[in-house]
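Spelled out from the first residue to the last, the chains are:
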Amino acid sequence: MGLDITEIIKYLFQGVLTSIPQLVIVILCIYYLIKVGSKIDGVLLTIGSIISILCNISNVVGAVYISTLGVDSYVIYLYIIQGFSILGSILFAIGFFILIRKIIKNKVYLSNTRTNN
């Protein structure tokens, strides 16, 4: 199951293209974390997005190298990467949920203080 150089370049190029939106999300999460400090929502968003982008890059780069070892090694590798990717997605989703709850709570609080004045 050997790959020639054009297939390797194609897979790496696809990996870079699919990683650009994830890289933007990581940058925005780090920016948010810097602005709000070490709040739990910012930490979970940042850790989840970093895990996701690392899994995406590992999936593409690892696929090129491990595919030469054989199908069994590649399948095990994919299961491990997908497990970490699920963990990153769960952490990101929890952080996003906490952030949304905080924004809604603040919005309700602000609207209540405006109507009471």
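Note on numbering: residues in each chain are counted from 1, in written sequence order. Where totals are concerned, whole chains, interfaces and linings use all residues; where local detail is concerned, this predicted model gives features only for residues with pLDDT of at least 70, and gives and counts side-chain atom pairs only at 80 or more. Side-chain descriptors were evaluated using all non-hydrogen atoms of the structure, hydrogens and water having been removed beforehand.

1. Considerations on a nonpolar patch on the surface
By definition, no residue in a patch forms a salt bridge, and every one has over 30% relative accessible area; like charges are joined within 9 Å, nonpolar side chains (Val, Leu, Ile, Met, Phe, Trp, Tyr) within 5 Å. To measure how exposed things are, a 1.4 Å probe is used in the Shrake-Rupley method; for residues, cover is taken only from the protein chains shown. By definition here, a salt bridge exists when the distance from a side-chain nitrogen of Lys or Arg to a carboxyl oxygen of Asp or Glu is within 4 Å. The grouping of Phe13, Val16, Leu17, Ile20, Val24 and Leu28 at the surface amounts to a nonpolar patch, some 570 Å² of accessible area in total. Put simply, DSSP marks the helices as runs of H or I at least four residues long and the strands as runs of E at least two long, and each gets a number from the N terminus on. Checked against the element boundaries, Leu28 lands in helix H1 (residues 5–36). Look at Leu28 and you get exposed, because its relative accessible area is 53%. Note on classification: 1.4 Å probe, protein chains only; a residue is buried when its accessible area is under 20% of the maximum for its type, exposed when over 50%, partly exposed between these limits.

2. Structural notes on the packing of aromatic side chains
Any pair of aromatic rings gets described here by the distance separating the centres and the angle formed by the planes. We call Phe, Tyr and Trp rings a pair once their centres come within 6.5 Å, taking the six-membered ring for Trp, and we label the pair stacked below 30 degrees between planes, edge-to-face above 60, and tilted otherwise. Under the criterion given, the structure shown has one aromatic pair. Considering the side-chain rings of Phe92 and Phe96, the 6.3 Å spacing of their centres and the 10° angle between planes classify their relative orientation as stacked. Separated by four residues within a single helix, Phe92 and Phe96 lie in helix H3 (residues 71–116), roughly one turn from each other. By relative accessible area, which is 27% here, Phe92 ends up partly exposed. With a relative accessible area of 42%, Phe96 lands in the partly exposed category.

3. Remarks on the side chain of Ser52
Relative to the helices and strands, Ser52 resides in helix H2 (residues 40–66). Contacts are assigned to residue pairs that have any heavy atoms within 4.5 Å of one another. Apart from residues no more than four positions distant in its own chain, Ser52 is found in contact with Gln22, Ser85, Gly88 and Ser89.

4. Here we look at the nonpolar core
Among the buried residues, those of types Ala, Val, Leu, Ile, Met, Phe, Trp, Tyr and Cys that are joined through side-chain atoms within 4.5 Å form a nonpolar core. Counting residues in each nonpolar core, the largest one holds seven residues, listed as Leu44, Ile51, Cys55, Ile66, Tyr77, Ile81 and Leu91. Within the residue set of this core, elements represented by two or more residues are H2 and H3. For this core, the element with the most residues is H2, which contributes four residues. In contact with Ile66, other than residues within four places in its own chain, are Ser73, Tyr74 and Tyr77.

5. A closer look at the environment of Val61
With respect to the helices and strands, the residue Val61 is situated in helix H2. A relative accessible area of 33% places Val61 in the partly exposed class. As for Val61 and Tyr11, which are separated by 50 residues in sequence, their C-alpha atoms are 7.8 Å apart.

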